[in-house]
2 protein chains.
Amino acid sequence: MYYGWRGMTLEADEYLAKQGLSRPHHRILYVVARRPDIAIGALIDVLGISKQALNRPLHLLLERKLLTSKRSPEQHRSKLLRLTEAGRRVEQKASDHERKVMREAFDRVGAPGAEAWTTVMKAIADNN
Amino acid sequence: MYYGWRGMTLEADEYLAKQGLSRPHHRILYVVARRPDIAIGALIDVLGISKQALNRPLHLLLERKLLTSKRSPEQHRSKLLRLTEAGRRVEQKASDHERKVMREAFDRVGAPGAEAWTTVMKAIADNN
DNA sequence: CACGTCAAGTCAACATGGTTGACATTAGTG
DNA sequence: CACTAATGTCAACCATGTTGACTTGACGTG
């Protein structure tokens, strides 16, 4: 399982490294891609890390203009995060590396096998 | 996938923490359990970490008498590692937590599903 | 036997990705 | 105004790794 995780993320990590980014950056991009306009507090909850730990990678992404943050119109306290075009591109490319690996693996077991894999992973992940 | 890995190791990590141990210690115990009389150099290769990184956790395990090391009879240069009874107990308990989680997940998809899961994981892991 | 080499052990500096705690800023709310 | 919520920032610290340089003990061979 450990080696599985590593095998999946290896190529993506290499791509990210070329962009001067790493896993935590990708995790942020990934979450924001799937939940546009997420607030920072919510992001912290999803990632399960402290705001201080989030600070560094998040700032880099804002500087690089891969993310934008703006105050919400009415709920002016929180800031909403969104991917820029460039951010979307990076997130896509990085995730594509991972998806490619998964697709190839799924091809070996067919659709029912892929479904079984997903069921197992969900069952394990829910074990909190 | 990330959450899957975490779900699997969570309980085991909690158990290990109570013993004042953590993931690297378990990795050592796990490997030595499956390859008794393994030399230190070989252990380094299997774990894929540097000897300096191995040093700390390994020493703790020797101090705690979860492992023994003795020079090999004829090949006196290398040291052979072996679990003590206590070491075997700890390794079993920690691994049992992980195995329990997996077994429950596999139960939801039956034997063919479990096999598919394994095939997928191997395919991914080989992607080096 | 001296010398080279191999396995292991040790010391130090550093990187990464986190943690806690304390405190500041900014926006809304009774 | 006083309070609370969401965010931001500073500093000290920890775990787990890295590289490089050096030591020690056990062989093996010219």
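Residues numbered from 1 in each chain as written. Chains lettered and ligands numbered in written order. Predicted model: local features only at pLDDT ≥ 70, side-chain atom pairs only at ≥ 80, totals over all residues.

J.: Any chance you could break down unusual backbone geometry for me, citing the residues and the numbers?
T.: A positive phi angle, close to 70 degrees, is found at D37 of chain A, a residue other than glycine. Locating D37 of chain A in the fold gives a position in the loop between helix 2 (23-34) and strand 1 (38-39). Despite not being glycine, K65 of chain B shows a phi value in the positive range, around 60 degrees. For K65 of chain B, the position within the fold is in the loop between helix 4 (51-63) and strand 2 (67-71). (Helix = DSSP H or I, 4+ residues; strand = E, 2+ residues; numbered from the N terminus.)

J.: With reference to specific residues and values, describe the protein's contact with DNA strand D.
T.: Near DNA strand D there are 20 residues, and of these G41 and S78 of chain A together with S50, A53 and H76 of chain B occur at the shortest range. Secondary structure elements with two or more residues in the surface near DNA strand D: helix 3 (40-47) and helix 4 (51-63) of chain A together with helix 2 (23-34) and helix 4 of chain B. Considering each element in turn, the surface near DNA strand D owes the most residues, three residues, to helix 4 of chain A. Split by residue class, the surface near DNA strand D holds five nonpolar, 10 polar and five charged. (Near = placed C-beta within 6 Å. Nonpolar A, V, L, I, M, F, W, Y, C, P; charged D, E, K, R; others polar.)

J.: A description of the interface of chain A and chain B should follow, citing residues and the corresponding values.
T.: Counting residues at the interface gives 25 residues for chain A, matched by 25 residues for chain B. Within the residue set of the side of chain A that touches chain B, elements represented by two or more residues are helix 1 (2-18), helix 5 (85-107) and helix 6 (110-125) of chain A. Looking at the side of chain A that touches chain B, the element that brings in the most residues is helix 6 of chain A, giving nine residues. (Contact = placed C-beta atoms within 7 Å.)

J.: Tell me about the relation of the copies chain A and chain B, residues and numbers included.
T.: Both copies of the chain are tied together by a single rotation about an axis and a shift running along it. Mapping chain A onto chain B is achieved by rotating through 177 degrees and translating by 0.1 Å along the same axis, at an RMSD of 0.3 Å. Put plainly, the chains are arranged around a two-fold axis. Scanning chain A for the C-alpha nearest the rotation axis identifies W117 of chain A, at a separation of 2.5 Å. A share of 100% of interface residues in chain A that are also interface residues in chain B marks the association as one of identical surfaces. (Least-squares fit on C-alpha atoms with pLDDT ≥ 70 in both.)

J.: So what's going on with the packing of helix 5 of chain A against helix 6 (residues 110-125) of chain B? Which residues, and what values?
T.: Packed helix pairs are specified by the crossing angle of their axes together with the interaxial distance, meaning the distance between the axes. Interhelical geometry of helix 5 of chain A versus helix 6 of chain B gives an angle of 135 degrees and a closest axis separation of 9 Å. The angle between helix 5 of chain A and helix 6 of chain B places the two elements in the oblique class. The handedness of the crossing between helix 5 of chain A and helix 6 of chain B is right-handed. Packed against helix 5 of chain A, whose contacting residues are V101, E104, A105 and F106 of chain A, the element helix 6 of chain B presents V120, A123 and I124 of chain B at the interface. (Axes fitted to C-alpha atoms, helices over the stretch in contact; angles between N-to-C directions. Parallel < 35°, antiparallel > 145°, perpendicular 65-115°, else oblique. Left-handed = near helix turned anticlockwise from the far one by under 90°.)

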